[in-house]
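Commentary on secondary and tertiary structure
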Amino acid sequence: MFKKLEFLRSAYTVNQFDKTDLPEVIFCGRSNVGKSSLINTLLNRKKFAKISSTPGKTRSINYYLIDEQFKLVDLPGYGYAKTSIAEREKWAKLVQDYLSNSDFVDLAFHLIDSRHKPTELDDKLNLLLKSSSISYIVILNKVDKLNQSQLAETKRRIVKHYPELKFGENLFVFSSITKNGRKELMSLLNKLFYSS
Ligand SMILES: Nc1nc2c(ncn2[C@@H]2O[C@H](COP(=O)(O)OP(=O)(O)O)[C@@H](O)[C@H]2O)c(=O)[nH]1
Ligand SMILES: [Mg+2]
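Everything numeric in this text was worked out from a predicted model, so none of it was measured.

So, about the pattern of salt bridges. A full pass over the atoms with the stated rule returns nine salt bridges. A salt bridge links Glu 24 to Lys 71, with the nearest nitrogen and oxygen atoms 2.9 Å apart. You can see Glu 24 sitting in strand β2 (residues 24–29) and its partner Lys 71 sitting in strand β4 (residues 70–74), a full 47 residues away along the chain. A single burial state applies to Glu 24 and to Lys 71, both of which are buried.

Printed below as a string of structure tokens:
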């Protein structure tokens with residue numbers, strides 16, 4: 001599992017979306033939530049997925065091909081403090097285009113910072129995923145920043161906010177620092193792509 005890793009391409013517009021006929025796992029969530037770090041941690045690489053340099057800048061969709069079997073897709077982040085309304089709309093349009101144009105998405109990882117409440121844009125993404133009938137899981141990220149009682153509180157809060165979530169099924173915790181949650185996510189990907 002995860003033996004051969006290749007960078008496929010970056011896309012900035014709909015006609016650059018990758019059309020390779022392989023299933024995709026997409027990573028979405030706000031800028032800086034840790035999407036690229038999660039990909040690197042899963043792949044056991046330090047700098048495979050680019051870590052954001054200039055936050056808030058319009059960035060590309062990045063495709064990574066794994067074992068010639070499936071793609072990990074790093075979507076641009078949203079909701080940076082300084083993001084203008086125009087930029088937010090641009091983000092929403094790109095993600096919307098992505099979700100409605102991609103025939104390949106098998107699963108979406110929606111990352112949410114475990115220290116913060118979901119934002120309006122998280123809600124928007126949640127609705128986009130629901131309306132495109134894409135299977136998604138929510139990942140409460142950066143849990144290394146929380147103590148046990150804060151973590152319990154965060155889990156309670158998220159389930160109240162998105163009642164469809166169930167811990168261990170479509171809700172997970174994660175930390176790129178401690179690697180908490182890596183095993184669970186790997187097992188999920190393993191079931192999806194490596195067991196026939
Ligand atoms: N404490 C902590 N920091 C993290 C974690 N994951 C990412 N970061 C940091 O958060 C920042 C943004 O990470 P990045 O992966 O580029 O986020 P992206 O914009 O969603 O791709 C970087 O400074 C990372 O080092 C985590 O699990 N715990
Ligand atoms: Mg990134």
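In this section: the pairing of strand β5 (residues 105–113). The side chains of a regular strand alternate between the sheet's two faces. Among the nine residues of β5, eight are classified as buried, and the element is accordingly described as predominantly covered. Of the strand pairs in this sheet, β2 and β5 are connected by six bridges, and their pairing is parallel. Looking at the pairing, Gly 29 lines up with Leu 111 of β5. Here β5 runs beside strand β6 (residues 136–141); their pairing, made up of six bridges, is parallel. Bridge pairing links Ala 108 to Tyr 136 in β6. A crossover links β5 with its parallel partner β6, the connecting element being helix α3 (residues 120–131), and its sense is right-handed.

Before going further, it helps to examine the side chain of Lys 71. According to the relative accessible area criterion, Lys 71 is buried, its value standing at 0%. Among the polar contacts listed, one links the side chain of Lys 71 to the side chain of Asp 18, at a separation of 2.9 Å. If near-sequence neighbours (up to four positions away) are discounted, Lys 71 is found in contact with Leu 8, Asp 18, Thr 20, Leu 22, Pro 23, Glu 24, Val 25, Tyr 63, Tyr 64, Leu 65 and Phe 104.

Parameters at a glance
- Residues numbered from 1 in each chain as written.
- Chains lettered and ligands numbered in written order.
- Predicted model: local features only at pLDDT ≥ 70, side-chain atom pairs only at ≥ 80, totals over all residues.
- Heavy atoms only, no water.
- Salt bridge = Lys/Arg side-chain N within 4 Å of Asp/Glu carboxyl O.
- Helix = DSSP H or I, 4+ residues; strand = E, 2+ residues; numbered from the N terminus.
- Buried < 20%, exposed > 50% of the residue type's maximum accessible area, 1.4 Å probe, protein only.
- Pairing = 2+ DSSP bridges.
- Right-handed = clockwise from strand over helix to strand, strands pointing away.
- Polar contact = N/O pair within 3.5 Å; in protein donor to acceptor, adjacent residues only side chain to side chain.
- Contact = heavy atoms within 4.5 Å.

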